[in-house]
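As a plain string of letters, each chain reads:
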Amino acid sequence: RPFHVEPTNIVSVNDDMQRVTDEASAMNKRIHYYSRLTSPSDRALIAPDHVLPAPDEIYVYSPLGTAFKVDSCTDGYGKNSSIVTIFMIWNTMMGTSILSIPWGIKQAGFTSGIILILLMGILTLYCCYRVVKSRKMIPLIDTSNWEFPDVCKYYFGSFGQWSSLLFSMVSLVGAMVVYWVLMSNFLFNTGKFIYNFVHDINVTDIVPGTNGSNKVICPSAASGHPPQNRSVMFSSGNDTGFELFEEWWNKSKTVPFYLIAVLLPLLNLKSPSFFAKFNVLGTVSVVYLVFLVTIKAARLGIHLEYHWFTENDFFVPEFRILFPQLTGVLTLAFFIHNCVITLLQNNRNQENNVRDLSIAYFLVGLTYLYVGVIIFASFPSPPLSKECIEQNFLDNFPSDDIMSFVARIFLLFQMMTVYPLLGYLARVQLLRQFFGNTYPSVFHVLVLNVAIVGAGVAMARFYPNIGGIIRYSGATCGLAFVFVYPSLIYVISQHRAGQLTWPALIIHIFIILLGLANLIAQFLL
């Protein structure tokens, strides 16, 4: 009998060939894009000559503090399911800003804080959608390998190229400065907890706080006596040793300098890709923070009173003039615009990009709302005022609090593994633009890293306010990547196509003005 091939088999073979072709095309696109990030001598993001890159070897580094594999958990053909895509976007945006959301709500007022989180989430989502669509509005050019800075260069020339680099560096360096301040904070509290535990020392900080097992403190109320080293010792076998420890283990005067010995050598590595293996710690840290917030709220209870516009000894008004401080933090909290194209281009079903991006933003906003609202509502007022909520809400728990100690350990280790990745990305973007090489010499790299580390040490020493740093850097880089560039590109493309309408023009001009007002307000309030 003649050999017979069923039509279904033919279709199956054709489908397999098409999938293989799509896989090779996707890999080639990744090779092309990542080869532009490094010099030919730097093999960190370049595939070996004898093999194509495995889908799980490509990483995205977010200025918010998360590093992850773009194609991990793929379907075997270099594509992600919608669930994986949504999780990666959520994981990327969940950064250090979550620690300052309760403080931001306090600055804005409880009711206005909730409204602003919702409105900023919607606004940044819309601008992010414009970023995703931006390269598709360029006619007659293959933009499949382009990122958003390439689109900016197409529309605005060298100005777009260099300005996007500038604002990208602002977000990266700002994130690294925040990391240094937080790592100094976490290392100080961790060291203090370990020292007191090992030497069986019972110490209480000279700061107002609640009594009982679920103690909450108000460090800002002791501004005349900096809380980092002001303490009273109840029992100790060696008073001199304790005083010596307090002198050499100071949150702002000594600990920020100790970190240099560990992190500066790591920044000078040619390829710190090893640290990307610890990206799961970012997810674990956020999940644990949500767990910590839930447990603390269950033990402390809810403490809310509504005073719409008047001041109170223990509660803040529902609407406050300081609300731009929250919008500045939220601009960075929802910032993913410089890498969203990379995240979505590996989505298996491209027609679901808008839906998946919207779901991810919804989950991010829900996480911020949950942590911010629960911390604010459960903060014990009275006896403490809501004004005591710190820019890093973990500072409202004493160093001997076990759950907070575990959170600080998680975050400290996660940040120490992500910090070299952020430094590597800053080196790639800056040195490649000026010298055409990501590692021109040890001297060039060392000078850049010393400058970045010096900025972090200076801030940890003289301005250890992560809420302020986040809102300044967020409003600055957000002005370009969130508000101005996406809106201008849309208006220009629609005008060239003859499809620009007056309502669309007015809406996008209004968005630009909002971004500008957001930046200006950070320096006025």
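Residues numbered from 1 in each chain as written. Predicted model: local features only at pLDDT ≥ 70, side-chain atom pairs only at ≥ 80, totals over all residues. Heavy atoms only, no water.

**Regarding the overall build of the chain**
- A count of helical and extended segments in the chain gives 15 helices and 4 strands.
- Taken across its 525 residues, the chain has 56% of its residues classed as buried.
- About 22,900 Å² of surface is accessible on the chain, with carbon and sulfur atoms providing 66% of the total. (Helix = DSSP H or I, 4+ residues; strand = E, 2+ residues; numbered from the N terminus. Buried < 20%, exposed > 50% of the residue type's maximum accessible area, 1.4 Å probe, protein only. Areas by Shrake-Rupley, 256 points an atom, 1.4 Å probe, with all protein chains shown as cover.)

**Re the nonpolar core**
- Core analysis: the biggest nonpolar cluster contains 121 residues, and Leu99, Phe393, Leu394 and Tyr419 have the highest contact counts within it.
- Element by element, the count of residues in this core is highest for helix H5 (residues 148-198), at 18 residues.
- Discounting residues that sit within four places of it in the chain, tyrosine 419 has contacts with Met176, Tyr179, Trp180, Met183, Leu263, Leu267, Ile452 and Val453.
- Judged by nonpolar contacts, the second largest core, of 7 residues, contains Ile201, Phe242, Phe245 and Val255. (Core = buried A, V, L, I, M, F, W, Y, C linked by side-chain atoms within 4.5 Å. Contact = heavy atoms within 4.5 Å.)

**Regarding the packing of aromatic side chains**
- Summed over the entire model, instances satisfying the criterion amount to 24 aromatic pairs.
- Ring plane angle 25° and centroid distance 6.2 Å describe the contact between tryptophan 308 and phenylalanine 319, whose orientation is recorded as stacked. Of this pair, tryptophan 308 sits in the loop between helix H8 (280-300) and helix H9 (324-333) while phenylalanine 319 sits in the loop between H8 and H9, and the two are 11 residues apart along the sequence.
- Measuring from centroid to centroid gives 6.0 Å for phenylalanine 335 and phenylalanine 481, while their planes differ by 55°, and the two rings are tilted. A residue pair is termed long-range when its members are at least 10 positions apart, and phenylalanine 335 in the loop between H9 and helix H10 (340-344) and phenylalanine 481 in helix H14 (residues 466-496) qualify at 146 residues. There is no split in this pair, since phenylalanine 335 and phenylalanine 481 are both buried.
- One Lys or Arg, arginine 130, reaches over the ring of tyrosine 490 and ends 3.9 Å from the middle of that ring.
- Arginine 471 extends its terminal NZ or CZ atom over the ring of tyrosine 472, reaching a point 4.6 Å from the ring centre. (Phe/Tyr/Trp six-rings, centres within 6.5 Å; stacked < 30°, edge-to-face > 60°. Lys NZ or Arg CZ within 6 Å of the ring centre and 35° of its normal.)

**Brief notes about a nonpolar patch on the surface**
- A grouping of Ile321, Phe323, Ile509, Leu513, Leu516, Ile520, Leu524 and Leu525 is seen on the molecular surface, where their side chains present a nonpolar patch of about 760 Å² in accessible area.
- Its place among the elements puts leucine 525 in the segment after helix H15 (502-524). (Patch = residues over 30% accessible without salt bridge, like charges linked within 9 Å, V, L, I, M, F, W, Y side chains within 5 Å. Salt bridge = Lys/Arg side-chain N within 4 Å of Asp/Glu carboxyl O.)

**Things to note about helix H12 (residues 402-435)**
- The terminal C-alpha atoms of H12 lie 49 Å apart, and with 34 residues this matches the ideal 50 Å at 1.5 Å per residue to within 8%.
- Of all the bends in H12, the largest measures some 25° and sits at valine 418, one to four residues before the proline proline 420.
- Of the residues flanking the end of H12, it is glycine 436, one or two places downstream, whose phi is positive at about 70°. (Expected span 1.5 Å × (residues − 1). Bend = angle between axes of the 7 residues up to and from the residue.)

**Digging into the packing of H5 against helix H13 (residues 442-462)**
- Put simply, H5 and H13 touch, their axes get as near as 8 Å, and they point 50° apart. In terms of axis orientation, H5 runs oblique to H13. As for how H5 packs across H13, the hand of that crossing is right-handed. Side by side, H5 and H13 meet where Met176, Val177, Trp180, Val181 and Ser184 of the first sit next to Ile452, Val453, Ala455, Gly456, Val457, Met459 and Ala460 of the second.
- Its residues assigned to classes, the contact of H5 with H13 shows 10 nonpolar, 2 polar and no charged. (Axes fitted to C-alpha atoms, helices over the stretch in contact; angles between N-to-C directions. Parallel < 35°, antiparallel > 145°, perpendicular 65-115°, else oblique. Left-handed = near helix turned anticlockwise from the far one by under 90°. Nonpolar A, V, L, I, M, F, W, Y, C, P; charged D, E, K, R; others polar.)

**Focus on the pattern of salt bridges**
- Applying the stated criterion across every chain, the model contains 4 salt bridges.
- Arginine 320 serves as the salt-bridge partner of glutamate 387, at 2.8 Å between the closest nitrogen and oxygen. Of the two residues, glutamate 387 sits in the loop between helix H11 (353-378) and H12 while arginine 320 sits in the loop between H8 and H9, which places them 67 residues apart along the sequence.
- According to the relative accessible area criterion, glutamate 387 is partly exposed, its value standing at 32%.
- Several salt bridges converge on common partners, so that one network encompasses Lys106, Arg320 and Glu387.

**Notes on the side chain of serine 378**
- If you trace the backbone, serine 378 turns up in helix H11.
- Of note is the side chain of serine 378, whose polar atom sits 2.7 Å from the backbone oxygen of isoleucine 374.
- Apart from the residues lying within four places of it in its own chain, the contact partners of serine 378 are Ala297, Leu300, Gly301, Ile302 and His303. (Polar contact = N/O pair within 3.5 Å; in protein donor to acceptor, adjacent residues only side chain to side chain.)

**Concerning the state of the cysteines**
- Applying the stated criterion across every chain yields a total of 1 disulfide.
- Two residues share a disulfide in this structure: cysteine 218 and cysteine 388, whose sulfurs sit 2.0 Å from each other. Around the S-S axis, the bridge from cysteine 218 to cysteine 388 shows a dihedral of about -80° and counts as left-handed. Taken together, the residues cysteine 218 in the loop between strand S3 (202-205) and strand S4 (231-235) and cysteine 388 in the loop between H11 and H12 connect sequence positions 170 residues apart. One exposure class covers both cysteine 218 and cysteine 388, and it is buried.
- Here cysteine 127 stays free of any disulfide, with the sulfur of cysteine 128 as its closest cysteine sulfur at 8.7 Å. (Disulfide = S-S within 2.5 Å.)

**Remarks on the packing of helix H4 (residues 110-134) against H15**
- It is the contact of H4 with H15, at a shortest axis distance of 12 Å, that shows an interaxial angle of 120°. Both H4 and H15 take part in a crossing whose hand is left-handed. Along its contact with H4, which presents Leu123, Tyr126, Cys127 and Arg130, the element H15 presents His508, Ile511 and Leu514.

**Here we look at the environment of leucine 264**
- Here leucine 264 lies in helix H7 (residues 255-267).
- In this structure the C-alpha to C-alpha distance between leucine 264 and valine 450, which are 186 residues apart in sequence, comes to 7.5 Å.
- With sequence-adjacent residues up to four places away left out, leucine 264 is seen in contact with Asn449, Val450 and Val453.

**Examining the confidence of the model for the chain**
- Across the chain, the average pLDDT comes to 81, with 81% of residues at or above 70.
- Every residue in residues 1-73 is under pLDDT 50, and counting partners more than four places away or in other chains gives 125 contacts.
- Taken together, the stretch residues 224-237 has pLDDT below 50 and engages in 39 contacts with residues farther than four places along the chain or on a different chain. (pLDDT = per-residue confidence, 0-100.)

**Considering the environment of alanine 360**
- With respect to the helices and strands, alanine 360 occurs in helix H11.
- Spatially, the C-alpha atoms of alanine 360 and isoleucine 86 are 5.0 Å apart, while their sequence positions differ by 274 residues.
- Not counting chain neighbours up to four residues away, the residues in contact with alanine 360 comprise Ile86, Ile89 and Trp90.

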